[in-house]
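Here are the chains, one letter per residue:
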Amino acid sequence: MSVMELLALAPPGWGGALLNGLWLSLQVAGAGYLLGLVIGMAGAAGKLSGGPVIRDLLTCYTTITRAVPELVLILLLYFAVPEAINQLLATLGLGRVDIGPFASGVAVIALVQGAYATEVMRGAIRAVPVGQLEAAHSLGMTPLTVFRRITLPAMLPGALPGLSNLWLIATKDTALLAVVGFTELTLAARQAAGATKHYLLFLCAAGVLYLIVSLISNLAFKGLERRATRGMHHD
Amino acid sequence: MTTLHAAPHTAADDDAIIEIRDLRKSFGQTEVLKGISLSAHRGDVISLIGSSGSGKSTLLRCLNLLETPSAGTLRLLGEPLPFRERGGQREPADRRQLRRLRARLGMVFQGFNLWPHLTLEANVMEAPVQVLGRSRDAARAEARRLLERVGLHHLRDAYPATLSGGQQQRGAIARALAMSPEVLLFDEPTSALDPELVGEVLAVIRDLAEEGRTMLIVTHEMQFAADVANRVIFLDQGEIAAEGPPDQVFGSTRTERLTRFLGTAALT
Ligand SMILES: Nc1ncnc2c1ncn2[C@@H]1O[C@H](COP(=O)(O)OP(=O)(O)OP(=O)(O)O)[C@@H](O)[C@H]1O
Ligand SMILES: [Mg+2]
């Protein structure tokens, strides 16, 4: 088979399988990332204005999640946590639930991204000049309005570089899901390579796809940064 | 100590728009305000003067609760403002009341504090839309009218970072005015400005005073303080050391402490 035939979209070509893997990777990464942003926002708010108990719990969360290898977290969430849940359900006389690789993948990425995003956002929020917030409070805004209308847009320029990095990490972390048999891009490439013995071709093809994702993401985040910093530079 | 009223703070002063009694504020061990009593009535323009560190900003910030007083009572716009203890911290008991009152008190800061991600016009529109629930169209029309008034109509689409300090401060005044506040609090509105920009901001404030607005102005501009105010309060080390009409406070009967302050103020 020629290179073109090997990469053809329809079988016996493997191009379709690769793109399918890429699509799955992007879905897991996207869902995990968005959830991670929500966790990060709540985590940052909790660390900055929560009580001592909340702050300690959040510190435990960010410290542990960032210290444990993601592979371990994936195995934990895929094998150990469902097992524990099912044992609990069994003792309650309830049926089993099945947490598929997609859901556990999203959960792990959200958990890890949430921990890093908490730190990124906390730093960015703390960098917002306090006078801008006082001005908002002095006009009678509720804390939520201040956060939504002032803190959030004012911290974005500081947070976006970090958040853009996190997104790239999220897309690459999906490759770890291969260990639980989830056919995201990396596993799809390995299957194609194994079946055809064209290892170099398919792993390079996967690499190129990751590269394209990262280039497009960079452009998108650059655009966002330009929007967010509109008006914030003197010249 | 010179006072305007013989016994101004003995009974509740019902038509006072701001009334504080025996207000104290400590940061840790240091007591910054040591029992301040004052009342402002509708139409009063009060200049607050005093040397650096005497507690002027702290006093002004206590009035709209950006700082919580450690002790004392506070009546704003006729409403007593109760406090409570929570987690060892004193705080306003009713956050809603606090926001309602804050919306009626305008504050202008030394550092302008315009929001950098919004255009001048959007800065002025923000609180009327978010706090008062005005329509964007109504808020925009009002914002343009106010920007016109402070001479910034042509810059309404500019972002704060592109403006001079004087322009930013006039924009910040327009932002405060957009809430139709019943009292305006100014904390050294010209101290962060280059000397040539001070005049344009003072002119706007003078204009507001002539309109009969109630204002408390912390300032180091002594001539301005005397011109614009019907009452001057001299704060010294957290206490009111002199209080009265400008010609009386600055006049021949001025206290020794004030004379000393005016001597140093002239140099700075
Ligand atoms: N948040 C704070 N924490 C600790 N100390 C503070 C705080 N704010 C003010 N102070 C102290 O309180 C004292 C009075 O400060 P304040 O800012 O009210 O003075 P001021 O009269 O406005 O001075 P200036 O003319 O320099 O603005 C100062 O000694 C200052 O260091
Ligand atoms: Mg001050």
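Keep in mind that this is a model prediction, so the values were computed, not measured.

What follows deals with the site of ligand 1. Residues and elements named next belong to chain B. With respect to spatial proximity, the complete set of residues near ligand 1 consists of Phe 27, Val 32, Ser 51, Ser 52, Gly 53, Ser 54, Gly 55, Lys 56, Ser 57, Thr 58, Glu 188 and His 220. Here an oxygen atom of ligand 1 sits 2.6 Å away from a polar atom, N or O, in the side chain of Ser 52. Here an oxygen atom of ligand 1 sits 3.0 Å away from a polar atom, N or O, in the side chain of Glu 188. Counting residues per element, the shell around ligand 1 draws most heavily on helix 1 (residues 56-63), which supplies 3 residues. Of the residues contributing to the shell around ligand 1, the split by class is 2 nonpolar, 8 polar and 2 charged.

All right, on to the sheet that holds strand 10 (residues 214-218) of chain B then. As a general point, the strands of a sheet are linked pairwise by backbone hydrogen bonds and lie either parallel or antiparallel. Residue and element names in this part refer to chain B. Strands sit in the order 8-9-10-3-11-12 across an open sheet of 6 strands; the sheet is mixed. Of all the strands in the sheet, just strand 8 (105-108) and strand 12 (239-244) have a single pairing partner and so form its edges. Across the sheet, the axes of successive neighbouring strands diverge by a mean angle of 15 degrees, strand direction being ignored. In terms of strand pairing, strand 8 meets strand 9 (residues 183-187) through 4 bridges, oriented parallel. Of the residues in strand 9, the one forming a bridge with Gly 106 is Leu 184. The strands touched by helix 5 (residues 165-177) within the sheet are strand 8 and strand 9, with strand 8 carrying the most contacts at an inclination of about 170 degrees.

Residues and elements named next belong to chain B. In the structure shown here, the tally under the stated rule is 24 salt bridges over all chains. A salt bridge links Glu 211 to Arg 149; the nearest nitrogen and oxygen atoms lie 2.6 Å apart. With Glu 211 in the loop between helix 6 (195-210) and strand 10 and Arg 149 in helix 4 (residues 136-149), this residue pair connects regions lying 62 residues apart in the sequence. Exposure remark for Arg 149: the relative accessible area of 28% places this residue in the partly exposed category.

Attention now goes to the confidence of the model for chain A. Fine structural detail should not be taken from predicted coordinates in areas where pLDDT scores are low. For chain A, mean pLDDT is 87; residues scoring 70 or higher make up 98% of the total. The least confident element of chain A, judged by mean pLDDT, is helix 1 (residues 3-6) of chain A at 74; the most confident is helix 6 (residues 130-138) of chain A at 95.

Right, let's get into the interface of chain B and chain A. Accessible area lost on assembly of the parts is the figure often given for the size of an interface. With 23 residues of chain B at the interface, the matching set in chain A holds 23 residues. Here chain B packs against chain A, burying approximately 2,100 Å² in sum over the two surfaces, 60% of which is carbon and sulfur. Summed over the shared surface of chain B and chain A, the result is 2 salt bridges. Here Glu 126 of chain B makes a salt bridge to Arg 149 of chain A, at a shortest N to O gap of 2.6 Å. Along the contact surface separating chain B from chain A lie 7 residue pairs in polar contact (both at pLDDT 80 or more). Taken together, the elements giving at least two residues each to the side of chain B that touches chain A come down to helix 2 (95-102), strand 8 and helix 3 (120-130) of chain B. Residue contributions to the side of chain B that touches chain A peak at 3 residues, all from helix 3 of chain B. Its residues assigned to classes, the side of chain B that touches chain A comprises 13 nonpolar, 5 polar and 5 charged.

Moving on to a nonpolar patch on the surface. Residues and elements named next belong to chain A. A cluster of nonpolar side chains, Leu 71, Leu 75, Phe 79 and Val 179, forms an exposed patch at the surface whose accessible area comes to about 330 Å². Tracing the backbone shows Val 179 in the loop between helix 7 (143-173) and helix 8 (185-196). Classification of Val 179 by relative accessible area gives partly exposed; the value is 47%.

As a volume, the largest pocket reaches approximately 1,100 Å³. What lines the largest pocket is a set of 30 residues, among which Leu 48, Ser 49, His 137 and Pro 143 of chain A together with Arg 95 of chain B lie closest to the centre. The residue makeup of the lining of the largest pocket, split by class, is 13 nonpolar, 8 polar and 9 charged.

Conventions adopted
- Residues numbered from 1 in each chain as written.
- Chains lettered and ligands numbered in written order.
- Predicted model: local features only at pLDDT ≥ 70, side-chain atom pairs only at ≥ 80, totals over all residues.
- Heavy atoms only, no water.
- Near = heavy atom within 4 Å.
- Polar contact = N/O pair within 3.5 Å; in protein donor to acceptor, adjacent residues only side chain to side chain.
- Helix = DSSP H or I, 4+ residues; strand = E, 2+ residues; numbered from the N terminus.
- Nonpolar A, V, L, I, M, F, W, Y, C, P; charged D, E, K, R; others polar.
- Pairing = 2+ DSSP bridges.
- Axes fitted to C-alpha atoms, helices over the stretch in contact; angles between N-to-C directions.
- Contact = heavy atoms within 4.5 Å.
- Salt bridge = Lys/Arg side-chain N within 4 Å of Asp/Glu carboxyl O.
- Buried < 20%, exposed > 50% of the residue type's maximum accessible area, 1.4 Å probe, protein only.
- pLDDT = per-residue confidence, 0-100.
- Buried area = accessible area lost by both parts, 1.4 Å probe.
- Patch = residues over 30% accessible without salt bridge, like charges linked within 9 Å, V, L, I, M, F, W, Y side chains within 5 Å.
- Areas by Shrake-Rupley, 256 points an atom, 1.4 Å probe, with all protein chains shown as cover.
- 1 Å grid on protein atoms, 1.4 Å probe; cavity = no way out; pocket = protein on both sides within 12 Å on 5 of 7 lines; lining within 4 Å.
- Points joined across faces, edges and corners; volume = space filled by probe spheres on them.

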